[in-house]
Amino acid sequence: MTLTTQTLLTQKSQHQVAAFDDADIQQYLPLVPGWTLEQGKLVKAFSFEDYHETLAFVNAIAYVIHAEDHHPELVVTYNRCVAKFDTHSVNEGRGGLSINDFICAAKVDAIFHQTFS
């Protein structure tokens, strides 16, 4: 199967036990443009016109991330939201990245591009 962003958008998050290794991460990272790796997390900053737009984005992604049962750390300021995904349950509870982080990153991007760009 060829991996694409569309592939990620059609998948649902599921409980993961094993974390991605570096090769997996490098394979999936190009599928979510603009996301970077920072301190073991998948991270992206989204910019907006004002606080109202920023909160509208947070509310829009809240539904999706709740449905996926995979919740990022969000840093919300006046015209910016930084989303940080990782999977706490992998590596025997030590955390890491999993397919769920990339699925949710792709879905958050889709909401941003569909609604705010």
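Rules used in this analysis
Residues numbered from 1 in each chain as written. Predicted model: local features only at pLDDT ≥ 70, side-chain atom pairs only at ≥ 80, totals over all residues. Heavy atoms only, no water. Core = buried A, V, L, I, M, F, W, Y, C linked by side-chain atoms within 4.5 Å. Buried < 20%, exposed > 50% of the residue type's maximum accessible area, 1.4 Å probe, protein only. Helix = DSSP H or I, 4+ residues; strand = E, 2+ residues; numbered from the N terminus. Contact = heavy atoms within 4.5 Å. Pairing = 2+ DSSP bridges. Phe/Tyr/Trp six-rings, centres within 6.5 Å; stacked < 30°, edge-to-face > 60°. Axes fitted to C-alpha atoms, helices over the stretch in contact; angles between N-to-C directions. Parallel < 35°, antiparallel > 145°, perpendicular 65-115°, else oblique. Left-handed = near helix turned anticlockwise from the far one by under 90°. Nonpolar A, V, L, I, M, F, W, Y, C, P; charged D, E, K, R; others polar.

If you look at soluble globular proteins, the nonpolar side chains tend to sit buried side by side. With 29 residues, the main nonpolar core has Leu8, Trp35, Phe57 and Phe102 as its most contacted residues. Listing elements by their share of this core, those giving two or more residues are α2 (22–28), β2 (41–47), α3 (51–68), β4 (80–85) and α4 (99–115). With nine residues, the top contributor of residues to this core is α4. Non-local contacts of Phe102, meaning those with residues more than four positions away in its chain, are made with Leu8, Phe20, Ile25, Tyr28, Leu29, Val32, Leu42 and Leu97.

This part takes up the pairing of β2. The two faces of a sheet get side chains in turn, since along a regular strand they alternate between them. When strand β1 (residues 36–38) meets β2, the two strands line up antiparallel, connected through three bridges. Among the inter-strand pairings, Glu38 is bridged to a residue of β2, identified as Lys41. Between β1 and β2, which pair antiparallel and follow one another directly, the connecting turn spans two residues, one of which, Gln39, has a positive phi of 50°. Across six bridges, β2 lies against β4 in antiparallel orientation.

A few words on the packing of aromatic side chains. Tallied over the entire structure, the rule returns 13 aromatic pairs. Judged by centre distance (5.8 Å) and plane angle (25°), the ring pair of Phe20 and Phe102 falls under stacked. On the criterion of sequence distance, the pair formed by Phe20 in the loop between α1 (5–9) and α2 and Phe102 in helix α4 is long-range, its members being 82 residues apart. Each of the two residues, Phe20 as well as Phe102, counts as buried.

Right, let's talk about the pairing of strand β3 (residues 73–77) for a bit. Relative to β4, β3 runs antiparallel, the two being bridged by five bridges. Looking at the pairing, Leu74 lines up with Ala83 of β4. Linking β3 back to β4 in an antiparallel pair, the connection comprises two residues.

This paragraph deals with the packing of α3 against α4. Describing two packed helices takes the angle between their axes plus the distance from one axis to the other. Where α3 contacts α4, the axes come no closer than 10 Å and their chain directions differ by 150°. On the basis of the axis angle, α3 is roughly antiparallel to α4. Note on packing geometry: the crossing formed by α3 with α4 is right-handed. In this structure, α3 contributes Phe57, Ala60, Ile61, Val64, Ile65 and Glu68 to the contact, and α4 contributes Ile103, Cys104, Lys107, Val108, Ile111 and Phe112. Broken down by class, the residue content of the contact of α3 with α4 amounts to ten nonpolar, no polar and two charged.

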